[in-house]
Amino acid sequence: SLYKQLQTKRRIIAVDLRNHGDNTHDWRDTMSYEEMAQDVLQVMNSLNIPKAVLVGHSMGGKVAMSCALLEPEKIDGLVILDIAPVTYTKQDPHWKAVQDIIHSLS
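Residues numbered from 1 in each chain as written. Predicted model: local features only at pLDDT ≥ 70, side-chain atom pairs only at ≥ 80, totals over all residues. Heavy atoms only, no water.

### Quick notes on the packing of helix α2 (residues 33–46) against helix α3 (residues 59–70)
Piece 1. Remark: α2 packs on α3, axes separated minimally by 8 Å, with the N-to-C direction vectors making an angle of 75°. Between α2 and α3, the angle is such that the two are roughly perpendicular. Where α2 approaches α3, its residues Y33, E34, M36, A37, Q38, V40 and L41 are matched on the opposing element by M59, K62, V63, S66, C67 and L70. (Axes fitted to C-alpha atoms, helices over the stretch in contact; angles between N-to-C directions. Helix = DSSP H or I, 4+ residues; strand = E, 2+ residues; numbered from the N terminus. Parallel < 35°, antiparallel > 145°, perpendicular 65-115°, else oblique. Contact = heavy atoms within 4.5 Å.)

Okay, here's the thing in structure tokens:
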């Protein structure tokens, strides 16, 4: 089951994409999906991570898919969350399922 799979110990690395999050020291003039995917792949290279399962939320999902297109041999799997252009409410059962998954990982 998903619950059992999420119990497996994993190394989790959170990456702030260029011009996003807490990355205030290295802002760039451009931020295409390909450039952001290259950034993620560079992080993997610098940390000696040969393969990974990427989890991407919203724009991060598109970046994760771009990583898989650029270097498919480095991507063991993709988990893409919430890239639909819709608004969710706390009562939405689909959004609650996403929240439950995110909370189980923290």
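### A look at unusual backbone geometry
Piece 1. The backbone of N48 sits at a positive phi, close to 55°, despite the residue not being glycine.
Piece 2. Locating N48 in the fold gives a position in the loop between α2 and β1 (52–57).

### What to know about the confidence of the model for the chain
Piece 1. In this model, the chain carries an average pLDDT of 85, and 94% of its residues clear a pLDDT of 70 or more.
Piece 2. The least confident element of the chain is helix α1 (residues 2–7), whose mean pLDDT is 71; the most confident is α2, at 95. (pLDDT = per-residue confidence, 0-100.)

### Things to note about α3
Piece 1. In this model α3 runs 17 Å from its N-terminal to its C-terminal C-alpha over twelve residues, within 8% of the 16 Å that 1.5 Å per residue would give.
Piece 2. Among the residues of α3, G60, G61, V63, A64, S66, C67 and A68 are the ones counted as buried.
Piece 3. Residues of α3 that are buried make contact with α2, β1 and β2 (75–81). (Expected span 1.5 Å × (residues − 1). Buried < 20%, exposed > 50% of the residue type's maximum accessible area, 1.4 Å probe, protein only.)

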